[in-house]
Amino acid sequence: AVWFAPVPAELAATAMGIKAWKLLAVFLGTIVAIITQPLPLGAVALMGLGAAMTLKVMTFPQAFSAMASPIPWLIAIAFFFAKGFIKTGLGNRISYLFVRAFGKTTLGLCYSLVFAEALLAPAIPSLAARAGGIMKPLVESLSIACGSKPDNGTEKKMGAYLMATMFQTSCISSAMFLTAMAANPLAANLAEAATGQVISWVGWATAAFVPGVAALILIPLLVFTIYPPEIKESPNAPEQAKAELAKMGKMSGDEKIVAATLVLTVGLWIFGSQFGIGSVCAAIIGLSILMITGVVGWKECLAQGVAWDTLTWFAALIAMADHLNKFGLIGWFSGQVTNVVGGLGLAWQSTLLILIAIYVYSHYAFASVAAHIGAMYTAFLSVAVALGSPPLASALILAFVSNLMGCTTHYGIGSPPP
């Protein structure tokens, strides 16, 4: 419908503006397909690029320009790194250690799970893998050990509280690190394209750490108040954790290698710029260590379909969004909205709050955070900046709430409670 609609006069005045309008039609079609998911995300995105080239709105170099961007590769390599983390059982060991130390009460057990998950977040960019693959089985086994089972009507003793809290807090931990959720680098890349503001791994973590930790402390208490568990003590949980740790035995050599490599990689993400080492280079160094030591094999990396799928759709969305901006559509759109909203005479702070509220609650129409970011992030950021909001702060706030809005629905992100 957009393809056949009249091109707005300001865009129709130039050949580039007409091309921008046609690219918008292809882009929106790709976003709709990503939301409805008739095919995997990577396939849909690749087809979108194919359509853009076939319809002469993008050239091949333009369509695949994002493959030269470091952001898609960073998240793909992080998936490979996460394979070693999960494969060796180090993620489970860390979680059980937290439970053994702090899990004597239900609230303490919850905090131990919440902060164990947050500790894993920088190394595991798939929220579904982190929350669903590691934390969900752990929460289920601990709940059952404490007499809380969903199949016999006792889920409210403990399990329901733990599941509900972990679902909420996993979205918070995803917002705390650039590599904690697959679509975070997409937001960072779009922010740089729209405003010129570069969001590094350190910059993201620095801005998110204090509010993130505060939220991780507050949410379990809040859920404990409004959705309290029937069991307030959990003496069986530390014993269960102790038994599981006994089964795992001493820390294996592979676990030690993964732990040391994680420390090295995160250290390079933080301090590598002082030595001219970028974030992707740091991730490659970490992955190289895991492959050289045999912890992760290249065939295992090739088998990580979600990583290659993410790389494909990331690059496709970044390329289309970037050229919508270069062709002038984002500037035109933000100008139109700015004229309307600016006429209300509101301060930029009030305007930013309104934009954030619309951005967050519009997530009810999306089943994918990536699709939501791809469709709306650049436009909302551009409008906010045009109305006087600080570019970097606006970019970070919208990126953070892109994670937080996932917990507003049970279908809005990849880790809903069962």
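Residues numbered from 1 in each chain as written. Predicted model: local features only at pLDDT ≥ 70, side-chain atom pairs only at ≥ 80, totals over all residues. Heavy atoms only, no water.

Enquirer: Got a sec to walk through the overall build of the protein? Specific residues and values, please.
Expert: Looking only at helices and strands, the protein has 20 helices and zero strands in total. A compact globule built from 418 residues should have a C-alpha radius of gyration of about 22 Å, and the protein, at 23 Å, falls within 12% of that. Each of the three principal axes of the protein carries a C-alpha extent, and together these read 70 × 50 × 45 Å. Burial status across the protein gives 51% buried among its 418 residues. Here the analysis covers contacts within the protein between residues at least 6 apart in sequence; of these, 77% occur between residues at least 24 apart. If you sum the accessible surface of the protein, you get close to 17400 Å²; carbon and sulfur atoms cover 69% of it. Each charge class in the protein was averaged separately, 20 positive and 15 negative side chains, and the resulting centres sit 4 Å apart. (Helix = DSSP H or I, 4+ residues; strand = E, 2+ residues; numbered from the N terminus. Rg over C-alpha atoms; globule rule 2.2 N^0.38 Å. Buried < 20%, exposed > 50% of the residue type's maximum accessible area, 1.4 Å probe, protein only. Contact = heavy atoms within 4.5 Å. Areas by Shrake-Rupley, 256 points an atom, 1.4 Å probe, with all protein chains shown as cover. Lys, Arg positive; Asp, Glu negative; His and termini not counted. Charge placed at Lys NZ, Arg CZ, Asp CG, Glu CD.)

Enquirer: Can you explain the pattern of salt bridges? Please cite residues and give values.
Expert: Close approach of charged atoms lets side chains of opposite charge pair. Per the stated rule, a full pass over the model turns up five salt bridges. Measuring nitrogen to oxygen at the nearest pair gives 3.0 Å for the salt bridge that ties Glu300 to Lys87. Of this pair, Glu300 sits in helix α15 (residues 298–302) while Lys87 is found in helix α5 (residues 70–87), placing the two residues 213 residues apart along the sequence. Under the relative-accessibility criterion, Glu300 is labelled partly exposed at 23%. (Salt bridge = Lys/Arg side-chain N within 4 Å of Asp/Glu carboxyl O.)

Enquirer: I'd like a description of helix α7 (residues 106–120), backed by residues and values.
Expert: Given a rise of 1.5 Å per residue, 15 residues ought to cover 21 Å, and the 21 Å separating the end C-alpha atoms of α7 matches this to within 8%. Within α7, 13 of the 15 residues are buried, which leaves the element mostly enclosed by the surrounding structure. (Expected span 1.5 Å × (residues − 1).)

Enquirer: Go over the packing of aromatic side chains with me, naming the residues and quoting the values.
Expert: Applying the stated rule across the entire model yields 11 aromatic pairs. Taking the centre distance of 5.6 Å and the plane angle of 55 degrees together, the rings of Tyr359 and Phe380 count as tilted. In this pair, Tyr359 is assigned in helix α18 (residues 348–361) and Phe380 in helix α19 (residues 369–386), connecting sequence segments 21 residues apart. In this structure an aromatic cluster arises from ring pairing among Phe80, Trp298 and Trp308. (Phe/Tyr/Trp six-rings, centres within 6.5 Å; stacked < 30°, edge-to-face > 60°.)

Enquirer: Tell me about helix α12 (residues 236–248), residues and numbers included.
Expert: Its 13 residues place the ends of α12 18 Å apart at the C-alpha level, agreeing with the 18 Å of an ideal helix rising 1.5 Å per residue. Those residues of α12 that sit buried are Ala237, Pro238, Ala241, Glu244 and Leu245. The arc that holds every buried residue of α12, seen down its axis, measures 125 degrees, which confines them to one face. What points out from α12, more than 90 degrees from its buried face, is the exposed set Ala246 and Lys247. (Arc of directions from axis to C-beta.)

Enquirer: Describe unusual backbone geometry, listing the residues and the values that go with them.
Expert: A negative phi holds for most residues other than glycine; trans holds for most peptide bonds. At Lys56, a residue that is not glycine, the phi angle is positive and equals roughly 65 degrees. With respect to the helices and strands, Lys56 occurs in the loop between α3 (41–54) and α4 (60–63).

Enquirer: Give a description of the packing of α18 against α19 that names residues and reports values.
Expert: The geometry of α18 relative to α19 is characterised by a closest axis approach of 11 Å and an angle of 170 degrees between their N-to-C directions. Here α18 lies roughly antiparallel to α19, going by the angle between them. For the pair formed by α18 and α19, the contact residues are Leu352, Leu355, Ile358 and Tyr359 on the first element and His372, Ile373, Met376, Tyr377, Phe380, Val383 and Ala384 on the second. For the contact of α18 with α19, the per-class residue count stands at 10 nonpolar, one polar and no charged. (Axes fitted to C-alpha atoms, helices over the stretch in contact; angles between N-to-C directions. Parallel < 35°, antiparallel > 145°, perpendicular 65-115°, else oblique. Nonpolar A, V, L, I, M, F, W, Y, C, P; charged D, E, K, R; others polar.)

Enquirer: How would you sum up the side chain of Thr378? Please name residues and give values.
Expert: Mapped onto the fold, Thr378 is located in helix α19. Given the relative accessible area of 6%, Thr378 is considered buried. Sequence-distant contacts of Thr378, defined by excluding residues within four places in its chain, comprise Leu190, Ala194, Ile330 and Ile373.

Enquirer: I'd like to hear about the packing of helix α6 (residues 90–102) against α7, residue by residue, with values.
Expert: A pair of packed helices is characterised by two quantities: the angle between their axes and the separation of those axes. Between α6 and α7, whose axes approach to 8 Å, the crossing angle comes to 150 degrees. Relative to α7, the element α6 is oriented roughly antiparallel. In terms of crossing hand, the pair formed by α6 and α7 is right-handed. Of the residues in α7, those touching α6 at Gly91, Ile94, Ser95, Phe98, Val99 and Phe102 are Gly108, Leu109, Ser112, Leu113, Phe115, Ala116, Leu119 and Leu120. (Left-handed = near helix turned anticlockwise from the far one by under 90°.)

Enquirer: Describe the nonpolar core, and please don't skip the residues or the numbers.
Expert: Counting residues in each nonpolar core, the largest one holds 131 residues, and the members touching the most others are Phe85, Leu113, Tyr359, Ile373 and Tyr377. Not counting the four nearest positions on each side in its chain, Tyr377 is found in contact with Ala187, Leu190, Ala191, Tyr359, His372, Ala395, Leu398, Ala399 and Ser402. (Core = buried A, V, L, I, M, F, W, Y, C linked by side-chain atoms within 4.5 Å.)

Enquirer: Describe the state of the cysteines, and please don't skip the residues or the numbers.
Expert: Two cysteines, two sulfur atoms, one covalent bond between them: this is a disulfide. Counting across every chain of the model gives zero disulfides. Considering cysteine sulfurs only, Cys171 is the nearest to Cys407, which forms no disulfide, with 4.5 Å between them. (Disulfide = S-S within 2.5 Å.)

Enquirer: So what's going on with the environment of Gly159? Which residues, and what values?
Expert: With respect to the helices and strands, the residue Gly159 is situated in helix α9 (residues 159–176). The exposure class assigned to Gly159 is buried, which follows from its relative accessible area of 10%. Along the backbone, Gly159 and Ser143 are 16 residues apart, and their C-alpha atoms lie at a distance of 5.1 Å. With near-sequence residues (within four places) excluded, Gly159 lies in contact with Ser143 and Ser148.

Enquirer: I'd love a proper account of the side chain of Thr165, names of residues and values included.
Expert: Positionally, Thr165 belongs in helix α9. Relative accessible area serves as the criterion here: at 0%, Thr165 is assigned to the buried category. In contact with Thr165, other than residues within four places in its own chain, are Cys110, Val114, Pro220 and Val223.

The values reported here are purely geometric and, on their own, carry no functional implication.
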